[in-house]
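Single-letter residue listing:
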Amino acid sequence: MVDFLIKHIWWIPLYGLLGAILTLPWALGLIRETGQRPAAYINLLMTFLSFLHGSIVFLNINQRPSETLDFPWFTIADLHLSFTIEISPISSGALELVTTISLVAQLFALGYMEKDWSLARFYGLMGFFEAALGGIAISDSLLLSYGLLEMLTLSTYLLVGFWYAQPLVVEAARDAFLTKRVGDILLLMGIVALSSYGAGLNFSQLREWAQSHPLSDFTATLVGLALIAGPTGKCAQFPLNLWLDEAMEAPNPASVMRNSIVVCAGAYILIKLQPVFTISRIASDTLIIIGTITAIGASLIALAQIDIKRALSHSTSAYLGLVFIAVGLGHTDIAFLILFSHGVAKALLFLSVGAVIYTTNDQNITEMGGLWSKMPATTLAYMTGSGGIVGLLPLGMLITFSRWFDGRLEVSWWLLSILIVVNFLNALNFTRVFRAVFLGDCQPKTRRAPEVPWPMALPMVSLTIITLIAPLVPLQYNLWLSPNPPILENHNPVVFYAIPLIILSGLAGVVVACFIPLYRGFSRPVQKTLRLLQDLLAYDFYLDRIYKMTVVSLVANISRFTSWCDRYIVDGVVNLVTLMTIFGGNTLRYNTSGQSQFYLLTILMGVTLLIWWVLSSQWQNIINYWSSF
Amino acid sequence: MLSFLIWFPIFAAIIIFLIPGKRGSYFYCFFALSVSLITFVYSLVVAGKFDVSLPAIQLRESFVWLKWLGLTYDLGIDGLSLPLVILNSFLTSIAIYVSKRETERPRFYYALILLLMGSVNGAFLAQNLLLFFLFYEIEIVPLYFLIAVWGGSRRGYAATKFLLYTALSGILILISFLGLVWFSGESTFAFEALKSHSLPVKTQILLLIPLLIGLFIKIPIFPFHTWLPDAHVEASTPISVLLAGVLLKLGTYALLRFGVGLFLQGWVAIAPYLAYIAANSALYGAMCAISQKDMKKVVAFSSIAHMAYVLLAAAATTRLSLQASILQMVSHGLISALLFILVGIVYETTGSRDVDYLRGLLNPQKGLPITGSLMILGVMASAGIPGMIGFISEFLVFRGSFPIFPIPTLLCMVGTGLTAVYFLLMVNKVFFGRLTPELANLPPVSWLDEAPAIIIASLIVLFGLQPHFVTGWSDNEAVILFYGSQETVSTVIPGVSQNSM
């Protein structure tokens, strides 16, 4: 039985897909009598099934060697395309994370989306989301993963645009789709190039290919950069980071999924592609640079946000930046662990934020306060979630960091300093938000704030418990992805000081956040420099304006210019020819006067011209001929 | 047996003319629909008889028509024409179904559509150059009338433009064909007889250029495309479906059949330029589409962009890219047909195609939710989202062309990215947002009107998941067109692969 379930691990994403398809009659309004609820229950059941199946596989997979299943898709000319499924502890672990978070988010949505008129559509999209994510978790084929990533892009677009009657939502959906699409197209270019240069499209084949690839340095760099672009878009890394912030317009349960596991999907593929990045130094350096810029930049931006969801979503980008750094260094196991620890804790944070938004109908943290006594479960969830992300308490992230610096991997001071900065900034940010939302005096919007009902409280409390036991994973984790890490001598001072320093930075963040003044209501500092700084951070370093002025206006202007050319030049020439023809015809028709003398004259002139033309080059000969007499 | 595909619709068209008495348009519609459905079923029967494993033009029919002219009535079918014949019969049935029940002058209208169907089938099946040319010219006449009589307000201008352009294209093709017969010293226009001749490369290029310009008009490729947006905007929905779905394919079909088939060496010699022309056209079409305000124009310019991929794949002339180009033709036929049908439904119900006026049509109670959902699906298919036929056809086109022409392929991929931009802008404006009060009470669209769109949408998904249903027919096509060389042409003919890497 267990064997059967393990062999059919690929059913798990299909459950989600089936659930999504089964909601169609409700989502399209074919069934109206029952209301929208049954669709939600069907999806929950399907997700529970996949969770159950996934859990059984997950618990029994440790003893087995990893294997792959090959499903040939089709063959055309000399190209064989197949989908490969990987059955390994890593893939089943990733799948388990996906199904758990998805189950929790969908259960939470039962309460959160209760009053929404298109519950069925929402659950359908969530099922679709889950299917695509689950597929990515077990996929061992780059092509399949690419396809699933695109499905994610599509469902992100539809989920962000879920409340499509609001203008901000429409813009957010558009930006999310187009930003990710930029990354995806570049990724597709990379895939086409890889496939053309003789690499197979399975991750294992790519690993072998990367060791003896035929490419020049320049091409290898280009391929590497193209492959990075896709995950950069998916993981909301600089310079494709803004969509995640805007995507917070989506319903909160979707934000739970997006901030915890959807962003991971891109990073997961990045981890799998890591061997390819070794072929180009520039590519792996780019990963580290992108990761560093995003990790620090996004943490800074988060500090100035007053929208509760946006304040947290930027920190998602920041932690994914750490994943990029880890992949760039080749520390794929650490990357995987950061994804895991961050995913669980961030999902919990977003659940608690969802509970706050549900109760107060507000997302502005300057209008909140004093919720701790009214919503204890939510407060606890927030504390646990932020504890799991910040390296201060012995929860997921700290244990992960300690695995990073346990002396088995090559680490250096700059890495530690980045971690310290990121840890400090995020501790500061989480504490700031905590103080604003949960501590202090009640404000009008938080005065009547009951704890959320059980469909929301139950998943929140369960995930709190899961987050508390999550540190077991990094503790127990075998280095599956890179089984032979470079082991250092233990004299490295970085290794000795790393964990105390990280804890210290977390503590410093908390302490500083406790003493900075918090302004209620919309406020801007009086000091000019401080105000400039706050604006700079609050408006995401003005990145969106820079894009509007550069890329967007460039495309818009070229397009306007092209269409103008099309209308007036390309088509204009055609119409000019037509006009001239008509004009010529209209003019020439006056020749047909009916007078035979005129016709005769015309013929005479024509014949003369013809003779002149025929003889024109012969004059010299003719003159010579006559002069010889 | 192939003659049936041509003459049955044409005879049916004549019969429609001859049926005495005045009947309602419903009768003619039903009659034409049954004729086209029978033809469609028959084309499937032909597909059943077609032997995929045989690398040859099959089910030949031939008799000498005018010997002194070298004109033989010679029909045959292979992996290139079979999918297109089925597509033609299928989309004609859809177009007849979509036609408004209360068309003016129904007798004339349906007769013309059937005539169009028969002549297009004839062009796909003809194995004699002159016969192809005849059908190619015949097809212009019904289409001209279909635009000029049942079109929009500027139909006269659009139809005349179409007629002049296409007539010019026919003349150029004829020049090339005549030149080929002249230079090769044959006394016949038969495809295979001419194929066995190998002219010097320079002569081939000389003959290829008028042929290419003629076909670029038909496909259409920048800068010969300006008739297309006008024709689409003025044509009624079913005619747009046929125009984009089938008639543009005549150009790319001839490109492969005659351009690649008859002038292979010349083709390969100028292929690098063709690839850049294709990339240019793809980007140009996409760029123009971004700033269009009329939904039909957006789809029309996207047609220009997507048909350019066929040229790109044809230019690469590898086995893979050849099959990919056929798949791309089918893919574009289905997707553009779907989009035009949906734009037609929006226009019927709201009376407008202006993206600045329409808003919030996805509204489930008062809007067009099903149309909107199908539109999102169609748009995503066109933008190349996996799971639908648009992705796999474009992927194969790019994968097939990249080893030969990396830079034009990358440029075309940028064009694919831009597809998402213009279609997303359109969908966002038209279907998202709040329904405006003027649009608040739209008549509901019945299932019968949505049915063709749903059928095409399911085919798009089906072929997206199982592309070999389409590509399977053309497994041996490379052998037929490249004349026996199993490998890619680039490896057979040096000079192309060298300047590519």
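Procedures and definitions
Residues numbered from 1 in each chain as written. Chains lettered and ligands numbered in written order. Predicted model: local features only at pLDDT ≥ 70, side-chain atom pairs only at ≥ 80, totals over all residues. Helix = DSSP H or I, 4+ residues; strand = E, 2+ residues; numbered from the N terminus. Buried ≥ 20, exposed ≤ 12 C-beta atoms within 10 Å, placed from the backbone. Contact = placed C-beta atoms within 7 Å. Rg over C-alpha atoms; globule rule 2.2 N^0.38 Å. Nonpolar A, V, L, I, M, F, W, Y, C, P; charged D, E, K, R; others polar. Pairing = 2+ DSSP bridges. Core = buried A, V, L, I, M, F, W, Y, C linked by C-beta atoms within 7 Å. Domains from an automatic or database assignment. Expected span 1.5 Å × (residues − 1). Axes fitted to C-alpha atoms, helices over the stretch in contact; angles between N-to-C directions. Parallel < 35°, antiparallel > 145°, perpendicular 65-115°, else oblique. Left-handed = near helix turned anticlockwise from the far one by under 90°. pLDDT = per-residue confidence, 0-100.

A tally of regular secondary structure across chain B gives 20 helices and 2 strands. Taking the principal axes of its C-alpha atoms as reference, chain B extends roughly 70 × 60 × 40 Å. Put simply, chain B has 501 residues, and 62% of those count as buried. Contacts in chain B between residues at least 24 apart in sequence constitute 80% of all its contacts with a sequence separation of at least 6.

In terms of helices and strands, chain A carries 25 helices and 2 strands. Computed over the C-alpha atoms, the radius of gyration of chain A is 32 Å, more than 25% above the 25 Å expected from 2.2 N^0.38 for a compact globule of 629 residues. Judged by the C-alpha coordinates and their principal axes, chain A covers about 125 × 60 × 60 Å. Classification of the 629 residues of chain A by burial places 53% in the buried group. Long-range contacts, defined here as pairs at least 24 residues apart, represent 82% of the contacts in chain A between residues at least 6 apart.

With that settled, consider the interface of chain B and chain A. Every contact between the two is made by 39 residues of chain B and, on the other side, 39 residues of chain A. Of all the secondary-structure elements, those providing two or more residues to the side of chain B that touches chain A are α11 (264-290), α13 (319-350), α14 (369-382), α15 (389-401), α16 (406-431) and α18 (468-471) of chain B. Of all the elements, α16(B) adds the most residues to the side of chain B that touches chain A, at 8 residues. When grouped by side-chain class, the residues that make up the side of chain B that touches chain A number 24 nonpolar, 12 polar and 3 charged.

Further remarks concern the pairing of strand β1 (residues 67-76) of chain A. Summarising the sheet, β1(A) and strand β2 (residues 79-87) of chain A pair through 9 bridges and their orientation is antiparallel. From the neighbouring strand, A:Pro72 faces β2(A), where its bridge partner is A:Ser82.

Now for the nonpolar core. Where a protein is soluble and globular, its nonpolar side chains tend to be buried together. Counting residues in each nonpolar core, the largest one holds 402 residues, and the members touching the most others are A:Ala267, B:Ala278, B:Leu311, B:Leu312 and B:Leu338. Two domains each donate at least three residues to this core, and these are domain 1 (1-140) and domain 2 (141-538) of chain A. In this structure, B:Ala278 is in contact with B:Ala308, B:Leu311, B:Leu312, B:Ala315, B:Pro408 and B:Cys412, ignoring residues within four places of it in sequence.

Once that is clear, we can look at α11(B). For α11(B), which comprises 27 residues, the first-to-last C-alpha distance of 36 Å matches the rise-based estimate of 39 Å (1.5 Å per residue) to within 8%. A large share of α11(B) lies buried, amounting to 20 of its 27 residues.

This paragraph deals with the packing of helix α9 (residues 203-211) of chain A against helix α12 (residues 252-277) of chain A. Residue and element names in this part refer to chain A. For the pair α9 and α12, the least separation of the axes is 8 Å and the interaxial angle reads 20 degrees. The orientation of α9 relative to α12 falls into the category roughly parallel. Once α9 is placed against α12, the crossing between them reads as left-handed. Taken together, the residues of α12 that come into contact with α9 (itself represented by Phe-203, Leu-206, Arg-207 and Ala-210) are Lys-272, Pro-275 and Val-276. Looking at side-chain class alone, the contact of α9 with α12 contains 5 nonpolar, no polar and 2 charged residues.

All names here are of chain B. Two elements in contact, helix α2 (residues 25-49) and helix α3 (residues 81-98), have axes whose closest approach is 9 Å; the angle formed by their N-to-C orientations is 160 degrees. Considering their axes alone, α2 and α3 lie roughly antiparallel with respect to each other. The hand of the α2/α3 crossing is left-handed. Residues Cys-29, Ala-32, Leu-33, Ser-36, Leu-37, Thr-39, Phe-40, Ser-43, Leu-44 and Ala-47 of α2 form the contact with α3, whose own contacting residues are Leu-82, Val-85, Ile-86, Ser-89, Phe-90, Thr-92, Ser-93, Ile-96 and Tyr-97. For the contact of α2 with α3, the class distribution of residues is 13 nonpolar, 6 polar and no charged.

Moving on: the domain arrangement of chain A. The parts lose accessible area when they come together, and the size of an interface is often stated as this lost area. Looking at chain A, the domain boundaries give domain 1 (1-140), domain 2 (141-538), domain 3 (539-590) and domain 4 (593-623). Using only C-alpha atoms to locate each centre, domain 2 of chain A and domain 4 of chain A end up separated by 87 Å.

Residue and element names in this part refer to chain B. Along the chain, Ile-326 falls in helix α13. C-alpha of Ile-326 to C-alpha of Leu-256: the two residues are 70 residues apart in sequence and 9.2 Å apart in space. In contact with Ile-326, other than residues within four places in its own chain, are Leu-80, Pro-83, Ser-474 and Glu-477.

All right, on to unusual backbone geometry then. Residues and elements named next belong to chain B. The omega torsion across Ile-219 and Pro-220 is -10 degrees, close enough to zero to call that bond cis. Structurally, Pro-220 can be placed in the loop between α8 (201-218) and α9 (227-234). In this chain, Phe-222 is followed by Pro-223 through a cis amide linkage whose omega measures 5 degrees. In this fold, Pro-223 is placed in the loop between α8 and α9. The backbone phi angle of Thr-317 is positive, close to 45 degrees, even though this residue is not glycine. Secondary-structure assignment places Thr-317 in the loop between α12 (295-316) and α13. Among the residues examined, Thr-317 registers 29 C-beta atoms within 10 Å and is labelled buried.

All names here are of chain B. Note: strand β1 (residues 58-66) against strand β2 (residues 71-77), 6 bridges, orientation antiparallel. Considered in β2, the bridge of Glu-61 is made with Leu-75. Between β1 and β2, which follow one another and run antiparallel, lie 4 residues, and Gly-70 among them has a positive phi close to 75 degrees.

This brings us to the environment of B:Thr350. With respect to the helices, strands and loops of the structure, B:Thr350 is situated in helix α13. Separated by 302 residues in sequence, B:Thr350 and B:Gly48 place their C-alpha atoms 43 Å apart.

With that settled, the discussion passes to the confidence of the model for chain B. Residue and element names in this part refer to chain B. The pLDDT averaged across chain B works out to 87; a share of 96% of its residues lies at or above 70. When pLDDT is averaged over each element of chain B, α3 comes out on top at 93 and helix α20 (residues 489-492) at the bottom at 42. Here the predicted complex scores 0.90 on pTM and 0.89 on ipTM.

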